[in-house]
Number of protein chains: 2
Amino acid sequence: MPTQSSQPATIASPAAEDVTRVAVSTVIFTLRRTDAADCPALALPLVRRTRDPYDDRWALPGGWLDITESLDAAAARTLGETTGLAPSYLEQLYAFGAVDRSPTRVVSIVYWALLRPDDASAGLRDQDGYDPENVAWFAVDDLPHLAFDHNEIIDYALWRLRNKVGYSRIAHGLLADEFTLADLREVYESILGRRLDPANFRRQVEGSGTLLPTDRFRTGNHRPARLYRYNHEVALADLGPLARRSPRRSPS
Amino acid sequence: MPTQSSQPATIASPAAEDVTRVAVSTVIFTLRRTDAADCPALALPLVRRTRDPYDDRWALPGGWLDITESLDAAAARTLGETTGLAPSYLEQLYAFGAVDRSPTRVVSIVYWALLRPDDASAGLRDQDGYDPENVAWFAVDDLPHLAFDHNEIIDYALWRLRNKVGYSRIAHGLLADEFTLADLREVYESILGRRLDPANFRRQVEGSGTLLPTDRFRTGNHRPARLYRYNHEVALADLGPLARRSPRRSPS
DNA sequence: GCAAAAGTGTTATGTATACACCCATGA
DNA sequence: TCATGGGTGTATACATAACACTTTTGC
């Protein structure tokens, strides 16, 4: 299920019709402020297809698995090639392999990723080698009808994100290096879709030991708020025994 | 990473060396009573390989993905062909795709499964089409050095099982149709590796609404214990949006 | 001063845990 | 009758939630 918009067919992709090919796609979440809205909303980048099947339809960024690269590497590479983005968090989501999900037989290893807001704009501007015309951001609650089974894949990724934010610390993957507790709370509120008590939220997150207070404050309209950074001593998310094999670090 | 012990090469498996092939394997857990041990222990069936690579080494049951079947179907099929077993619970675990995990490039979609004790013995006896000589059960804490990266895969499956038993009701997948609360508690104790308070366990599980009391009792050495059955109205595990597409039922 | 967000304190409620205790059966 | 596991009751600790309250800034 390749979605390399307009770039030439670089990677060796067996064209045979009687073989199962392996593709890698990624659902990339970030938070975007919509104008005149109180709360930022989850958004993701999609790539417009420029060939059949599903020509001209929006799809998840992705591409074929190269025979010389691991699945993780393929996810990061295809993501960069199609959108120019480098996520702060990347984790395998699920392998989709229904027979009829594509005209030819394709098994897609799908990843899901988190992006810091500053990385989101940077990626789409600075990089080259991809086609910015055919990359666009969509709010997750206002998606078009996508190619393949990508709508269902995004539904599943959203479910995983909302689940994981409850027992893990991945919300930091959506924030810049320094942030206030209100910033962090806003991330949780956007993902979970409900308001959280500022007082209780503070105690919970302070007691977890995942935050390091700085000496800096963000000044604004009201009382200055202390800036925190993430404590990298504690893992962003417990991936189990897999994490020990390929430790993943945020690029900062 | 096929492990079809001695059966002929039935499935079309592209022999080309410059192509990525897709295999499906399954980690099947069940509980087995070891003699003179107070608590049953987790065990899983392995298949002895009868060809290179890793000839004569034990490996997870599995086989090549057929081009006409879904991943789920391939997991169930290869499982039956190699071991004659039909699990009560089957869920995708992870896709393993390191470049060097096999001499040729193989991406393995790994499933994990639970088996009722009565199914465990039945499977290995009654079915045919597989080679019982090359299938054996091993305790999870006493595994040999396996083929490929299968030791790491089992570690990860164990981690997932122990995690999931905490927030899901999958323990029923390891029990017969009717069971006492002590049976169920024993399952939890075996998986988690620690004793649980019988009184608190009873209240917790009774309050969850997942059990239906029957009129029958198991009589034994002491006071008879009420038999329960699982309430199929509530899902065995919340698989998210994926469950709605392919509902999985226990064979009973 | 006033509004609004930062930050602290207090209390109610629910859940997990520990453990005392009674019940019912086989031997 | 006694040992043992089945089953009930209850006190304690801990996490969560609700909310009153003080602090600090911009306007």
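Structure report, in brief. (Residues numbered from 1 in each chain as written. Chains lettered and ligands numbered in written order. Predicted model: local features only at pLDDT ≥ 70, side-chain atom pairs only at ≥ 80, totals over all residues. Heavy atoms only, no water.)

### What about the sheet that holds strand 9 (residues 211-218) of chain B?
Keep this limit in mind: The criterion for strand pairing is that DSSP finds at least two bridges linking the strands in question. Going along the chain from the N terminus, every DSSP run of H or I of four or more residues is numbered as a helix, and every run of E of two or more is numbered as a strand.
The three strands lie next to each other as 8-10-9 (chain B), forming an open sheet whose pairing is antiparallel. Taken across any chain shown, the strands that pair with only one partner, and hence form the sheet edges, are strand 8 (178-179) and strand 9 of chain B.

### Some remarks on the relation of the copies chain B and chain A
To keep things clear, this is the line we draw: Copies are brought into register by a least-squares superposition over C-alpha atoms of residues with pLDDT of at least 70 in both. We call two residues in contact whenever any of their non-hydrogen atoms come within 4.5 Å of each other.
Each copy of the sequence occupies a distinct position, and chain B is placed on chain A by a rotation of 180° and an axial shift of 0.0 Å, giving an RMSD of 0.0 Å. The symmetry that links the two subunits is that of a two-fold axis. An overlap of 97% is found between the interface residues of chain B and their copies at the interface of chain A, pointing to a shared contact surface.

### With respect to the packing of helix 4 (residues 181-192) of chain B against helix 5 (residues 198-207) of chain B
Residue and element names in this part refer to chain B. In plain terms, the rule: Working convention: axes come from line fits to C-alpha atoms, limited for helices to the stretch in contact. Angles between N-to-C directions cover 0 to 180 degrees. An angle below 35 degrees is treated as roughly parallel, one above 145 as roughly antiparallel, one from 65 to 115 as roughly perpendicular, and anything else as oblique. Under the grouping applied here, Gly and all other residues not named as nonpolar or charged are polar, the nonpolar ones being Ala, Val, Leu, Ile, Met, Phe, Trp, Tyr, Cys and Pro and the charged ones Asp, Glu, Lys and Arg.
Following both chains from N to C, one finds helix 4 and helix 5 inclined at 100°, their axes separated by 11 Å at the closest point. In terms of orientation, helix 4 lies roughly perpendicular with respect to helix 5. Together, Leu181, Leu184, Arg185 and Tyr188 of helix 4 and Pro198, Phe201, Arg202, Val205 and Glu206 of helix 5 make up the contact between the two elements. Residues of the contact of helix 4 with helix 5, tallied by class, amount to six nonpolar, no polar and three charged.

### Notes on the protein's contact with DNA strand D
As a reminder of what qualifies: Proximity is defined per residue: any heavy atom of the residue falling within 4 Å of a molecule or strand makes that residue near it. Identification of polar contacts relies on pairs of N or O atoms within 3.5 Å, with a donor-acceptor requirement for protein atoms, meaning one able to donate a hydrogen and the other able to accept it, and with residues adjacent in sequence counted only if both atoms are side-chain atoms.
Taken together, 19 residues form the shell around DNA strand D, and within it Gly220, Asn221 and Arg223 of chain A together with Arg202 and His222 of chain B come nearest. Put simply, 59% of the atoms of DNA strand D that lie within 4 Å of the protein are in sugar or phosphate. Within the side chain of Arg223 of chain B, an N or O atom sits 3.0 Å from a base nitrogen of DNA strand D. Across the surface near DNA strand D, the residue classes break down as six nonpolar, five polar and eight charged.

### Thoughts on the protein's contact with DNA strand C
In the neighbourhood of DNA strand C, 19 residues make up the surrounding shell, with Arg202 of chain A together with Asn200, Asn221, Arg223 and Pro224 of chain B lying closest. What you see for DNA strand C is that sugar and phosphate hold 60% of its atoms within 4 Å of the protein. Arg202 of chain A is positioned such that a nitrogen or oxygen atom in its side chain is 2.7 Å from a phosphate oxygen of DNA strand C. Arg203 of chain A is positioned with one of its side-chain polar atoms (N or O) 3.0 Å from a base oxygen of DNA strand C. For the surface near DNA strand C, the secondary structure elements donating two or more residues are helix 4 (181-192), helix 5 (198-207) and strand 10 (225-230) of chain A together with helix 5 of chain B. Looking at the surface near DNA strand C residue by residue, the classes come out as six nonpolar, five polar and eight charged.

### Looking at the side chain of Gln92 of chain A
Test applied: Burial classification: accessible surface area is computed with a 1.4 Å probe over protein chains only, and a residue below 20% of its type maximum counts as buried, one above 50% as exposed, and the rest as partly exposed.
With respect to the helices, strands and loops of the structure, Gln92 of chain A is situated in strand 5 (residues 89-96). Residue class for Gln92 of chain A comes out buried when judged on its relative accessible area of 4%. At 2.8 Å, the side chain of Gln92 of chain A forms a polar contact with the backbone nitrogen of Ala95 of chain B. Each residue touching Gln92 of chain A, except ones within four places of it in the same chain, is listed here: Leu71, Ile109, Val110, Tyr111, Trp112 and Arg160 of chain A together with Tyr94 and Ala95 of chain B.

### What about the pairing of strand 2 (residues 41-48) of chain B?
Residue and element names in this part refer to chain B. Counting buried positions along strand 2 gives six out of eight residues, so the element sits mostly inside the fold. The sheet contact formed by strand 2 and strand 3 (residues 58-59) spans two bridges and is antiparallel. Pairing of Val47 across the sheet is with Ala59, part of strand 3.

### Section: the interface of chain B and chain A
The condition that has to hold: In short, buried area is how much 1.4 Å probe accessible area vanishes from two parts on joining, totalled over both. Throughout this description, the term salt bridge denotes a Lys or Arg side-chain nitrogen within 4 Å of a carboxyl oxygen of Asp or Glu.
Between chain B and chain A, the residue contacts involve 34 residues of the former and 33 residues of the latter. Summing the contributions of chain B and of chain A, the shared interface buries around 2,800 Å²; its carbon and sulfur component is 66%. Our count for the chain B to chain A interface comes out at zero salt bridges. Taken together, the connections running from chain B to chain A amount to eight residue pairs in polar contact (both at pLDDT 80 or more). Mapped by element, the contributors of at least two residues to the side of chain B that touches chain A are helix 1 (71-83), strand 5 (89-96), strand 6 (106-114), helix 3 (150-167) and helix 6 (241-245) of chain B. Considering only residue class, the side of chain B that touches chain A consists of 18 nonpolar, six polar and 10 charged.

### What to know about the sheet that holds strand 8 (residues 178-179) of chain A
Residues and elements named next belong to chain A. If you walk across this open sheet you meet the three strands as 8-10-9, and the pairing is antiparallel. Of all strands in the sheet, those with a lone pairing partner are strand 8 and strand 9 (211-218), marking the two edges. Pairing analysis gives two bridges linking strand 8 to strand 10, with the strands arranged antiparallel. Bridging from a neighbouring strand, Phe179 pairs with Tyr228 of strand 10.

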